[in-house]
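Residue-level listing of the chains:
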Amino acid sequence: MTRHLKRQLISLLAVLALLAVACGGDTAVTTVAPVTTGAGGEMQGLIDAAKAEGTLSTIALPHDWCGYGAVIEGFKAKYGLAVNELNPDAGSGDELEAIRANKGNPGPQAPDVIDVGVAFGPTAQEEGLIQAYKVATWDEIPDDAKEATGYWYGDYYGVLALEVNKAEVANTPQEYADLLKPEYKGQVALSGDPLASNAAILTVWAAGLATGATGEAAAQAGLEFFKQLNDAGNFVPIDGNSASVGKGETPVMIDWTYNAIANDVNLAGNPDIEFAVPEAGKMAGLYVQAISAYAPHPNAAKLWMEYLYSDEGQLLWAGKGFCHPIRFEAMVAAGTMPADILAQLPSSEGAFFPTVDEINAAKKVVTEGWPTVVGVPVE
Amino acid sequence: MKAEAQPSFVGGATRPLRARLADWLGVLPFFLFSGLFLIGPTLILAYRSLENQAGGLSLENYANIGTPEVIQSYGLSIRISLATALVGGIFGFLLAWAVSLGGLPSGFRSALSTFSGVASNFAGVPLAAAFIYTLGRIGIITALFEWLGVDLYDSGFTLYSFWGLVLVYLYFQFPLMLLVILPSLDGLKRDWREAAENLGATSGQYWRKVALPVLMPSILGTMILLFGNAFGAHATAYALTGGVFPLATILIGRQISGDVLHNPGLGYAVAMGMVIVMAISIIIYSVLQRRSERWLG
Amino acid sequence: MTVVTAPVAVGGKLPPAAPSAKRSRFWPSVFFIAGALYFLTPLVATGYWSLKAEKDKLGFEAYRRIFDDPEFARSFLESIVNAAAAIVLSLLIIVPTAYWVTLRIPRLRTVVEFITLLPFVIPGVVLVFGLIRLYSRPPLLLTATYGSSRVLLVCAYACLSFPYMYRSVDNGLRALNVRSLTEAAQSLGAGWATIITRIILPNLRVALLSGALLTFAIVIGELTIALYMAQRTFGPFMADLVRNKVYEPAAVAIVAFALTWAAMGVIAWLTRARKTVAR
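Residues numbered from 1 in each chain as written. Chains lettered and ligands numbered in written order. Predicted model: local features only at pLDDT ≥ 70, side-chain atom pairs only at ≥ 80, totals over all residues. Heavy atoms only, no water.

1. Notes on the overall build of chain B
Turning to step 1, where the next piece is worked out: Helix and strand counts for chain B stand at twelve helices and zero strands.
Turning to step 2, where the next piece is worked out: In terms of overall dimensions, chain B has C-alpha extents of about 70 × 65 × 30 Å along its principal axes.
Turning to step 3, where the next piece is worked out: Taken over 297 residues, chain B has a buried fraction of 56%.
Turning to step 4, where the next piece is worked out: Counting only contacts in chain B whose residues sit at least 6 apart along the sequence, the fraction spanning at least 24 positions is 70%.
Turning to step 5, where the next piece is worked out: Carbon together with sulfur atoms contributes 68% to the accessible area of chain B, which is approximately 11900 Å² in total.
Turning to step 6, where the next piece is worked out: Side-chain charges in chain B split into 17 positive and 14 negative, and the spacing between the mean points of these groups amounts to 13 Å. (Helix = DSSP H or I, 4+ residues; strand = E, 2+ residues; numbered from the N terminus. Buried < 20%, exposed > 50% of the residue type's maximum accessible area, 1.4 Å probe, protein only. Contact = heavy atoms within 4.5 Å. Areas by Shrake-Rupley, 256 points an atom, 1.4 Å probe, with all protein chains shown as cover. Lys, Arg positive; Asp, Glu negative; His and termini not counted. Charge placed at Lys NZ, Arg CZ, Asp CG, Glu CD.)

In structure tokens form, the structure reads like this:
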């Protein structure tokens, strides 16, 4: 009996020893950097400080989303920093959870910067999860796309389009109303779950706006539209994505133009992808950047922001990602937007850019109504 | 052939204190380890389920669990878990029987058990994709039916339904049942079979009166494993049907991870509800277990 | 516990001969074939799809893209090591616990089983963020470096394996008569260590193998916890390959399946029972 007791104690000590060894790692001290405004003279100081930190931790940046793969490579090449990419498939909620869970964590699990849907900017700010920073090109960011004191700022936008797989669909629908036609039976899908996906919920709202309704009534009209679509048998109640379009599982999907173009390039004709931007209910979606208040590498984070909002970063988003970078208007006016890149960006003229309050109001209507209005019978 | 009767020396004033303490030391590593890495996070989960959106502590999340929407999703999760536990349990058992006691070549058994090891974790996006390639609108079996002149989807069949989801879940439930029940089937003594036959029992009677009663505690235990496995599954259902089937796990994902709703406190409360459902299931299972152990005299 | 083994003449009549070949292999074969069809068809469908990467022709382009990547071998190896560590850890904790609960403290059985089933109801996202919260600050700082986070990851994986490991071991123990074996060994003077290592463990071979295989599969494919723990294991690598791609996912699924199956074959072979001389 005592021998067994001894073995238990030894194994316990072994486990504790293991933990002790593991605890002996480097502990970097986190500093919450003060609010600064970037300006030309401070750039070199920022670059040096960032290089001293050595790494940037990002989250929720898929390489095929807005050309982030090219942007990250460009950043790495220009400044020689390493980029530690946490879960590229994280949703906006995940990103905020990651900041919350990693408060005070000096390790590689803590994100430095986040890229979230615009409605999440104010939430993050209220909870004290992000810190303010104004990039050098701050003034060229439109006022309604940023938070005035610098907590969050729009990065890119796109418009919703009807993406089709040309191998399965002969006629590309041009407007939301076209989707109700019998030729699209069993073909139309959203790009996500409206209760979890930014693009999906904006799609429902956009379809409502296309019927001529406005404001909150449009959200309700959107629900009605999808009910009609479902009743007609045209709606495929699964979450579409680039792959499901390419496979032919959801040959018609409503998604951001930049995703449709990226999908077309990716598939290289196998099969062909086309898209049409509806004029009625043209909906624009904005995403925003922010720096975590608990970022373990605050200077690398700021340098990243400077890069994203520099001409180089903005042009990568436009050229490789087919997104409208936030400084689009200013760059076109200044002539720094090359013609060939300009040509491949679909027009966002006349698109509806909802404010955070408008989005929240529409969200409420759609999320409460979706399960019952478009209720797919369970079983 | 006696059952595991209540041990004669468990817990009692009859045993010296030192021996009883040593008993508890035997399970200390388990409690320590699970305390550190499992119960700790569960307590955090419980604490955060009390956080409301204003940042304070309250029970309002639990009040919100009482809504029809959440209750319906618990019901859905329980139904699918029960269905796959039962069907998976029965057919998994039959498969295990076939390769262990069915007289098939032993190579079949090792091939099937290693395959089951892999298949038991083949879930989520790849599994949903595999079934879409098979029975989806563009699947090969669907195409086969079309070639035979039958349009599957027109006739009302769809993979994206409750039974479609069950069909897909079974892909990892069968292997799980098989692997975990194999040791029990191996433990069925051949002597018992021979003795039963000597006494004139038919195969059916042997199974009904001898083998199944002996196996029942293990079968029940493995079925609750299947139940839990399906109950906590999320990725497969999401990959196959998106948010259409609002399972409890999907509800949680929407609140914690999604881009639209953002009430993590509610998500955590729903998760705590799942913990409670699991606890209730364990209690039901223990009662059934003890009953089945009594059969063994 | 002895049972009559020799056929006994009852009332002058010999019992029917052991119906071995006659107890036909019909139903076992039917079940096996049905099972094989159910399991293989989706894999064949996936395989077929994976060959379609180039337009209008069947080829191995998608596979080439996978194997060309050096990260493939590195991440697979890293996951294998994690899996081995998790299996050992899980065995070390579960086997004594199951044994103890069966033998000494049956009252604790329900509590222990409930704890082992907890990993099912705690979402991966919640578990990993909970672990990060607990272990990201002194005095229990485990997340500071990649290596220490890896230890944390392996511990989390061991916990994830508890439901499967415990149930397998429990089933295995029930199939033995643990009490009698223990009493007999004790009466022959064996200590606990001897009992567990030389009597219980060898008889649990099949159960341990089942548990090990299930744990291995879990660790190799695990994604969410590895991603948030910033670990570059096989799961994240595969997820990278399939993000937004159409044909690669099918190839990756086939490759992952085949590799894991091969690895399991190795595990099973390593733990096969030594051939014993009859009688």
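2. Re the packing of helix α7 (residues 162-186) of chain B against helix α9 (residues 203-231) of chain B
All names here are of chain B.
Turning to step 1, where the next piece is worked out: One way to put it is that α7 packs onto α9 with a least axis distance of 10 Å and a crossing angle of 140 degrees. As judged from the angle between their axes, α7 and α9 are oblique. Viewed along their axes, α7 and α9 form a crossing whose handedness is right-handed. Between α7, through Y169, F172, Q173, L176, M177, V180, I181, S184 and L185, and α9, the contact on the second element is made entirely by W207, L215, S218, I219, T222, L225, L226, N229 and A230. (Axes fitted to C-alpha atoms, helices over the stretch in contact; angles between N-to-C directions. Parallel < 35°, antiparallel > 145°, perpendicular 65-115°, else oblique. Left-handed = near helix turned anticlockwise from the far one by under 90°.)

3. Some remarks on the nonpolar core
Turning to step 1, where the next piece is worked out: Among the nonpolar cores identified, the biggest contains 290 residues, and W304(A), M305(A) and Y171(B) are the most heavily contacted of them.
Turning to step 2, where the next piece is worked out: Top element by residues in this core is α7(B). It accounts for 17 residues.
Turning to step 3, where the next piece is worked out: Each residue touching M305(A), except ones within four places of it in the same chain, is listed here: V113(A), Y133(A), V135(A), Y153(A), Q289(A), A290(A) and I291(A).
Turning to step 4, where the next piece is worked out: V245(A), M253(A), A129(B) and A45(C) belong to the second largest nonpolar core, which has twelve residues in total. (Core = buried A, V, L, I, M, F, W, Y, C linked by side-chain atoms within 4.5 Å.)

4. As for helix α5 (residues 125-135) of chain B
Turning to step 1, where the next piece is worked out: Counting buried residues along α5(B), nine of its eleven residues qualify, which places the element largely inside the surrounding structure.
Turning to step 2, where the next piece is worked out: Looking only at α5(B), the buried set comprises L127(B), A128(B), A129(B), A130(B), F131(B), I132(B), Y133(B), T134(B) and L135(B).

5. Observations concerning the pairing of strand β1 (residues 55-58) of chain A
Along a regular strand, successive side chains alternate from one face of the sheet to the other.
Turning to step 1, where the next piece is worked out: Two elements, β1(A) and strand β2 (residues 82-85) of chain A, share four bridges in a ladder whose sense is parallel. Directly across from T58(A), in β2(A), lies its bridge partner E85(A). (Pairing = 2+ DSSP bridges.)

6. Examining the interface of chain B and chain C
Turning to step 1, where the next piece is worked out: At the junction of the two partners, chain B supplies 103 residues and chain C supplies 97 residues.
Turning to step 2, where the next piece is worked out: In total, chain B and chain C occlude about 8600 Å² of area from one another, counting both sides; carbon and sulfur atoms represent 74% of this.
Turning to step 3, where the next piece is worked out: Linking chain B to chain C there are zero salt bridges.
Turning to step 4, where the next piece is worked out: The tally of links from chain B across to chain C stands at 15 residue pairs in polar contact (both at pLDDT 80 or more).
Turning to step 5, where the next piece is worked out: By residue number, the principal contributor to the side of chain B that touches chain C is helix α1 (residues 17-48) of chain B, which donates 19 residues. (Buried area = accessible area lost by both parts, 1.4 Å probe. Salt bridge = Lys/Arg side-chain N within 4 Å of Asp/Glu carboxyl O. Polar contact = N/O pair within 3.5 Å; in protein donor to acceptor, adjacent residues only side chain to side chain.)

7. Points about the layout of surface pockets
Turning to step 1, where the next piece is worked out: Approximately 1300 Å³ is the volume attributed to the second largest pocket.
Turning to step 2, where the next piece is worked out: Together, 40 residues line the second largest pocket, and Q53(B), Q255(B), L261(B), H262(B) and N263(B) are the ones closest to its centre.
Turning to step 3, where the next piece is worked out: Of all the elements in the fold, those that place two or more residues in the lining of the second largest pocket are α5 (120-126) and α14 (356-373) of chain A together with α3 (68-100), α11 (248-256) and α12 (264-295) of chain B.
Turning to step 4, where the next piece is worked out: Residue contributions to the lining of the second largest pocket peak at eight residues, all from α14(A).
Turning to step 5, where the next piece is worked out: For the lining of the second largest pocket, the residue count by class is 15 nonpolar, 13 polar and twelve charged. (1 Å grid on protein atoms, 1.4 Å probe; cavity = no way out; pocket = protein on both sides within 12 Å on 5 of 7 lines; lining within 4 Å. Points joined across faces, edges and corners; volume = space filled by probe spheres on them. Nonpolar A, V, L, I, M, F, W, Y, C, P; charged D, E, K, R; others polar.)

8. Some points on the confidence of the model for chain B
Turning to step 1, where the next piece is worked out: When pLDDT is averaged along chain B, the result is 86, and 94% of the positions lie at 70 or above.
Turning to step 2, where the next piece is worked out: A low-confidence stretch, residues 1-12 of chain B stays under pLDDT 50, and its non-local contacts, those more than four residues away or across chains, total 23 contacts. (pLDDT = per-residue confidence, 0-100.)

9. Quick notes on the pattern of salt bridges
Turning to step 1, where the next piece is worked out: For the coordinates displayed, the defined rule picks out 24 salt bridges over all chains.
Turning to step 2, where the next piece is worked out: Residue E127(A) pairs with R100(A) through a salt bridge whose shortest N-O separation is 2.6 Å. In this pair, E127(A) sits in the loop between α5 and β4 (130-131) while R100(A) sits in helix α4 (residues 92-101), placing the two residues 27 residues apart along the sequence.
Turning to step 3, where the next piece is worked out: A relative accessible area of 40% means that E127(A) is categorised as partly exposed.
Turning to step 4, where the next piece is worked out: Owing to a relative accessible area of 7%, R100(A) belongs among the buried residues under this scheme.
Turning to step 5, where the next piece is worked out: One salt bridge in this structure joins R109(C) and D170(C), with 3.0 Å as the shortest N-O distance. One end of the pair, R109(C), is in helix α4 (residues 109-121); the other, D170(C), is in helix α6 (residues 146-175), with 61 residues separating them in the sequence.
Turning to step 6, where the next piece is worked out: Using a relative accessible area of 15% as the deciding quantity, one classes R109(C) as buried.
Turning to step 7, where the next piece is worked out: For D170(C), a relative accessible area of 0% gives the class buried.
Turning to step 8, where the next piece is worked out: Several salt bridges converge on common partners, so that one network encompasses E97(A), R100(A), E127(A), R48(B) and E51(B).

10. A closer look at the interface of chain C and chain A
Turning to step 1, where the next piece is worked out: Taken together, the 34 residues of chain C in the interface contact 42 residues of chain A.
Turning to step 2, where the next piece is worked out: The contact between chain C and chain A buries some 3200 Å² in all, and 59% of this surface belongs to carbon and sulfur atoms.
Turning to step 3, where the next piece is worked out: In this assembly, chain C and chain A are joined by zero salt bridges.
Turning to step 4, where the next piece is worked out: Across the contact surface, chain C and chain A share six residue pairs in polar contact (both at pLDDT 80 or more).
Turning to step 5, where the next piece is worked out: If you list the elements that add at least two residues to the side of chain C that touches chain A, you get α5 (124-135), α6, α8 (192-203) and α10 (224-228) of chain C.
Turning to step 6, where the next piece is worked out: Counting residues per element, the side of chain C that touches chain A draws most heavily on α5(C), at four residues.
Turning to step 7, where the next piece is worked out: Classifying every residue of the side of chain C that touches chain A by side-chain character gives 19 nonpolar, six polar and nine charged.

11. Thoughts on the state of the cysteines
Residue and element names in this part refer to chain A.
Turning to step 1, where the next piece is worked out: In total, this model carries one disulfide over all chains according to the counting rule given.
Turning to step 2, where the next piece is worked out: Here C66 is linked by a disulfide to C323, with a sulfur-sulfur distance of 1.6 Å. An S-S torsion of about -120 degrees defines the bridge between C66 and C323 as left-handed. With C66 in the loop between β1 and α3 (68-79) and C323 in the loop between α11 (311-319) and β10 (324-325), this pair connects stretches of sequence that are 257 residues apart. (Disulfide = S-S within 2.5 Å.)

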